[in-house]
Amino acid sequence: MGRLAGASRGSRAIFHSVIGCLAGAVLASAVHAAEERGPVTNLPLPRFVSLKADEGNVRRGPSLSHRVDWVFTRRNMPLEVTAEYGHWRRVRDREGAGGWVHYSLLSGVRTALVEEDMVALRMKPDDEAPVNARAEAGVVARVSECNLDWCWVIAGGERGWVRKAALWGVKREEILE
């Protein structure tokens, strides 16, 4: 690291101490963010779930007295839970649209939205593996297993490994067994 022009040895030591403290604070906040848990379920936030029902009212706030802003109409659609309040979960979809949904409309069954058109479902988690089928962008697939780079999915009766980067509904670092 370069010298601080015109700084004394003592002020350099203070400068390095301040930088060290700031780096520690940033690291501590990153660890805290990674460990954030919901106050109701104690499950990680954010986390992915799916829409259990054919329709789900999305409300402006966490109660029946809040206005319905829109309705999710796609069963099994993956949603990201970002907050909890009582029996309500604040969720968002792939496009960032969201609001508050009653927990009874959500399922822990993991699904993902295919983001790449005609993505290959492969027999093994390998770019050279034979292709079982292809899935169009927008298809909702059930996620059974994920390693660091690939997920085993079932979509429309077809099964195979898909690169995680082609899916919305699983975290990049997430491993599912």
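Computed from a predicted model, the values in this text were never measured in an experiment.

### Here's the deal with the overall build of the chain
- A tally of regular secondary structure across the chain gives one helix and 14 strands.
- Counting across all 177 residues of the chain, residues that qualify as buried make up 35%.
- If you take every contact in the chain between residues at least 6 apart in sequence, the share linking residues at least 24 apart comes to 50%.
- Summed over its atoms, the accessible surface of the chain is roughly 10800 Å², and 53% of this surface lies on carbon and sulfur atoms.

### Re the pattern of salt bridges
- Tallied over the entire structure, the rule returns eight salt bridges.
- The salt bridge involving Arg94 is made with Glu115; its shortest N-O contact spans 2.4 Å. Of this pair, Arg94 sits in the loop between strand E5 (88-92) and strand E6 (98-102) while Glu115 is found in the loop between strand E8 (111-114) and strand E9 (119-122), placing the two residues 21 residues apart along the sequence.
- The exposure class assigned to Arg94 is partly exposed, which follows from its relative accessible area of 40%.
- Given the relative accessible area of 30%, Glu115 is considered partly exposed.

### Describing the confidence of the model for the chain
- This prediction gives the chain a mean pLDDT of 87; 81% of its residues lie at or above 70.
- Across residues 1-5, confidence stays below pLDDT 50; counting only partners more than four residues off in sequence or on other chains, it has five contacts.
- Note that residues 15-33 has pLDDT below 50 and, in this model, four contacts with residues that lie over four places away or in other chains.

### Comments concerning the packing of aromatic side chains
- Summed over all chains, the structure comprises two aromatic pairs.
- Measuring from centroid to centroid gives 5.1 Å for Phe48 and Trp168, while their planes differ by 90°, and the two rings are edge-to-face. Of this pair, Phe48 sits in strand E1 (residues 47-51) while Trp168 is found in strand E14 (residues 167-168), placing the two residues 120 residues apart along the sequence.

The rules behind these values
- Residues numbered from 1 in each chain as written.
- Predicted model: local features only at pLDDT ≥ 70, side-chain atom pairs only at ≥ 80, totals over all residues.
- Heavy atoms only, no water.
- Helix = DSSP H or I, 4+ residues; strand = E, 2+ residues; numbered from the N terminus.
- Buried < 20%, exposed > 50% of the residue type's maximum accessible area, 1.4 Å probe, protein only.
- Contact = heavy atoms within 4.5 Å.
- Areas by Shrake-Rupley, 256 points an atom, 1.4 Å probe, with all protein chains shown as cover.
- Salt bridge = Lys/Arg side-chain N within 4 Å of Asp/Glu carboxyl O.
- pLDDT = per-residue confidence, 0-100.
- Phe/Tyr/Trp six-rings, centres within 6.5 Å; stacked < 30°, edge-to-face > 60°.

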